[in-house]
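# Observations on the three-dimensional arrangement
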Amino acid sequence: MAGRINDDDVKAVRDAVPIDAVVSEYLQLRNAGGGNLKGLCPFHDEKSPSFQVSPSKGLFHCFGCQEGGDTIAFVMKIDHLSFSETVERLAAKAGITLRYEEGGYNPGHQRGERIRLIEAHKAAAEYYAGQLGSPEAEIGRKFLAERGFDQAAAEHFGVGYSPAGWDHLTRFLRGKGFSDKELILSGLSQDGRRGPIDRFRGRLMWPIKDVGGEIVGFGARKLRDDDNGPKYLNTPETPIYKKSQVLYGIDLAKKDIAKISRAVVVEGYTDVMACHLAGVTTAIATCGTAFGGDHIKILRRLLMDNGSARVIFTFDGDAAGQKAALRAFEDDQKFAAETYIAIAPDGMDPCDLRLAKGDEAVVDLVQPRTPLFEFALRQIVRRYDLETPAGRAAALDEAAPIVAKIKNIASQHEVAVQLAGMLGILDTQFVVRRVAQIARWQRQGGERGPGRQQPRRTYDTPAPAAVPSGPALNLRSPAHRTERELLKLALQRPELVSPAFDAYGVDEFTAPPYAAVRQCIQDAGGATGAPSDYLDAVRGAAPNDSVRALVTELAVETIFAKTVDEAYAGDQLVTVRLRAVDRRIRDVQGTLARLGPNGDPERLAAVQNELWVLTQYGQSLRNNGAAAL
């Protein structure tokens, strides 16, 4: 069995691959201030960014779902990899050769399942691309040429050809060291009467990549009449390929989608190619499935839900593609508000349009046309006879609940007025009132029930986090707020609070989770003279994942001061210490009251002396600030 990866090599990988570069492969990041970056969390569905990355510390943390950690933890979580698989992938990206403590070099057949399947797909893609130039693939090259794609276009998109024989690819991959089990699991081969055979035979091949750029599957187009299979055949569901979670072309389009906040959703592989070659480099397509909620999540993380974000569907206005676009409305109403429908003249798709009218026609097609709201309503309204009162009433009954889903009251009112115009109802206020009434019913009919509300989330009342046991944090408490600031300083700017901070006891932090973090800093050697791996040491000293997550959170969270300097740090040190002194004074006063005037004289003198010392120390802190520490 392969040995453990050398610790120095793990550290080298962690240092060599910037966390912001890795995270940016999956979502758009923007400046969050204080040297941090923010984006929409890839680990839970959210409408506003609570996911932060600290490039200087190599850490990420989501203030919504509490996920956090370093570069390795991020890749492990998002791609469902083991620790060793993640380090191996990042090492390959950084050009680092790994050493193993036991067993020396790690043989290929002992590597993680996901990495092996990715490698098989990469090898298959290279094989298919090479076959496109073979005499047998003439029919495939002709197919591409007839649609306006030359050799350079095929190479850019990695288009290839799968030979018509039974097991050409299977034998090729066996020769590369892949087992039959791996080939079946990958979906590249399937069981035959005498063993594995190629899944794709005699077809034009498009490699399908995930948002990180790894090939996870293929789309295969039928070329011959004697092929009895479907027109398009895709990779089946595998450990690395989930059709509802991939978008063809996302690897090529993601940077421009994030840059210009625009995405174009088309129906097929050739449409993506045509759009990109025409200059519409934000085009993507689903892979053998309808556009759905998981696809929305991918796009929203890239678009960041800013006010200028736009998604344009180019589906045929009379085809089933309409349903896919309308499903976006049902799955995510806010996403739908940013979505438009573009229908090509004569029902042509982008590939046909480019052939018939050139690149400019494709660019013009994807300019925002009809808002999805309007499109959805017109699709409903057209099914009714609006010449009759009964037809108008029935259309209103079906369309009004859709308009009522619009959460923004101003937008809801505006669309309701548009609906009245579509229906030919002159009393627009009747339609507006009807929509508002249905909206109230929808709110009351939900899980909360009539008159019940979810607790308001404010800055001072964050979502519950997985933290050590103890009373819930109330950040309205000045004590807790100051303790949090001091711990953030100790983790992010230890030089500003040292050496005073290291003299603070764990009991000076009244919130149990904060006391646990203080203990971690102490166990890691303290904040004084913090070494380069200081944060790693503190996180490593955490007794469990909950405390470790809180350390990460505090290490990433912005320090709430315009100027973070020794004066600000001193204020936090003094405030925390002064509160601890005041608490002790109250305790000692209680002891003194319990002893009474007739108590043990020696004990009474000791308590009175402690009270005098504490009172003098507290007064000195108030008068002299950090100089009294």
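Keep in mind the model is a prediction, meaning the values are calculated, not measured.

## Some words on the side chain of Asn234
- If you trace the backbone, Asn234 turns up in strand β11 (residues 232-234).
- For Asn234, a relative accessible area of 15% puts it in the buried group.
- At a separation of 3.2 Å, a polar atom in the side chain of Asn234 contacts the main-chain carbonyl oxygen of Cys287.
- In this view, Asn234 contacts Arg199, Phe200, Phe218, Gly219, Ala220, Tyr241, Tyr269, Cys287 and Gly288; residues no more than four positions away in its chain are not counted.

## Considerations on the nonpolar core
- Membership of the largest hydrophobic core comes to 48 residues, with the highest contact counts inside it found for Phe51, Phe74, Ile250, Ile257 and Leu299.
- The element best represented in this core is helix α12 (residues 293-303), accounting for five residues.
- With sequence-adjacent residues up to four places away left out, Phe74 is seen in contact with Val22, Val23, Tyr26, Leu27, Pro42, Phe43, Phe51 and Phe60.
- In this structure, Leu223, Tyr248, Ala278 and Val366 belong to the second largest nonpolar core, which totals 44 residues.

## Notes on the state of the cysteines
- Considering all chains together, one arrives at zero disulfides under this definition.
- Counting only cysteine sulfurs, Cys275 is the nearest neighbor of Cys351, a cysteine outside any disulfide, at a range of 9.3 Å.
- A relative accessible area of 3% places Cys351 in the buried class.

## A few points about the packing of aromatic side chains
- Within this structure, the stated rule accounts for 17 aromatic pairs.
- Taking 4.9 Å as the distance between ring centres and 85° as the angle between the ring planes, the aromatic pair formed by Tyr248 and Tyr269 counts as edge-to-face. Of the two residues, Tyr248 is situated in the loop between β11 and α10 (250-260) and Tyr269 in helix α11 (residues 269-278); the sequence distance between them amounts to 21 residues.
- One aromatic cluster is present, built from ring pairs that chain together Tyr26, Phe43, Phe51, Phe60 and Phe74.

## Notes on the sheet that holds strand β12 (residues 262-266)
- Strand order in this open sheet of five strands is β13-β12-β14-β15-β16, and the pairing throughout is mixed. Taken across any chain shown, the strands that pair with only one partner, and hence form the sheet edges, are β13 (283-285) and β16 (370-371).
- Where β12 lies against strand β14 (residues 310-313), four bridges are found, and the strand directions are parallel. Note on β14: the bridge partner recorded for Val265 is Phe313.

## Describing helix α21 (residues 478-492)
- Between its first and last C-alpha atoms α21 spans 21 Å; for 15 residues at 1.5 Å apiece the expected length is 21 Å, and the two agree.
- In terms of burial, α21 is largely enclosed, as 13 of its 15 residues are buried.

## What about unusual backbone geometry?
- For the bond running from Ser498 to Pro499, omega is 0°, close enough to zero to count as cis.
- By secondary structure assignment, the location of Pro499 is in the loop between α22 (494-497) and α23 (512-523).
- Backbone geometry places Ser261, a non-glycine residue, at a positive phi of 55°.
- Mapped onto the elements of the fold, Ser261 is located in the loop between α10 and β12.
- For Ser261, a relative accessible area of 4% gives the class buried.

## Here's the deal with the pairing of strand β4 (residues 59-62)
- The two faces of β4 match: Leu59 and His61 on one face and Phe60 and Cys62 on the other face are all buried.
- By the bridge criterion, four bridges tie strand β3 (residues 51-54) to β4 in an arrangement that is antiparallel. The residue of β4 that forms the bridge with Val53 is Phe60.
- Linking β3 back to β4 in an antiparallel pair, the connection comprises four residues, with Gly58 at a positive phi of about 70°.
- By the bridge criterion, three bridges tie β4 to strand β5 (residues 68-70) in an arrangement that is antiparallel. Across the sheet, the residue bridging to Leu59 is Asp70, located in β5.
- Between the antiparallel neighbours β4 and β5 lie five residues, among them Gln66 with a positive phi of about 70°.

## Digging into the side chain of Asp227
- Its location among the elements puts Asp227 in the loop between β10 (215-222) and β11.
- Contacts of Asp227, omitting those with residues within four sequence positions, involve Arg201, Arg203 and Lys222.

## A short note on the confidence of the model for the protein
- On average, the protein scores 85 in pLDDT, and the residues at 70 or more come to 88%.
- Here residues 104-110 is a poorly scored stretch, pLDDT under 50, and it has nine contacts once near neighbours within four places are set aside; other chains count.
- For the stretch residues 446-472, pLDDT sits under 50, and the model shows 30 contacts to residues farther than four places along the chain or on other chains.

About the criteria used
Residues numbered from 1 in each chain as written. Predicted model: local features only at pLDDT ≥ 70, side-chain atom pairs only at ≥ 80, totals over all residues. Heavy atoms only, no water. Helix = DSSP H or I, 4+ residues; strand = E, 2+ residues; numbered from the N terminus. Buried < 20%, exposed > 50% of the residue type's maximum accessible area, 1.4 Å probe, protein only. Polar contact = N/O pair within 3.5 Å; in protein donor to acceptor, adjacent residues only side chain to side chain. Contact = heavy atoms within 4.5 Å. Core = buried A, V, L, I, M, F, W, Y, C linked by side-chain atoms within 4.5 Å. Disulfide = S-S within 2.5 Å. Phe/Tyr/Trp six-rings, centres within 6.5 Å; stacked < 30°, edge-to-face > 60°. Pairing = 2+ DSSP bridges. Expected span 1.5 Å × (residues − 1). pLDDT = per-residue confidence, 0-100.

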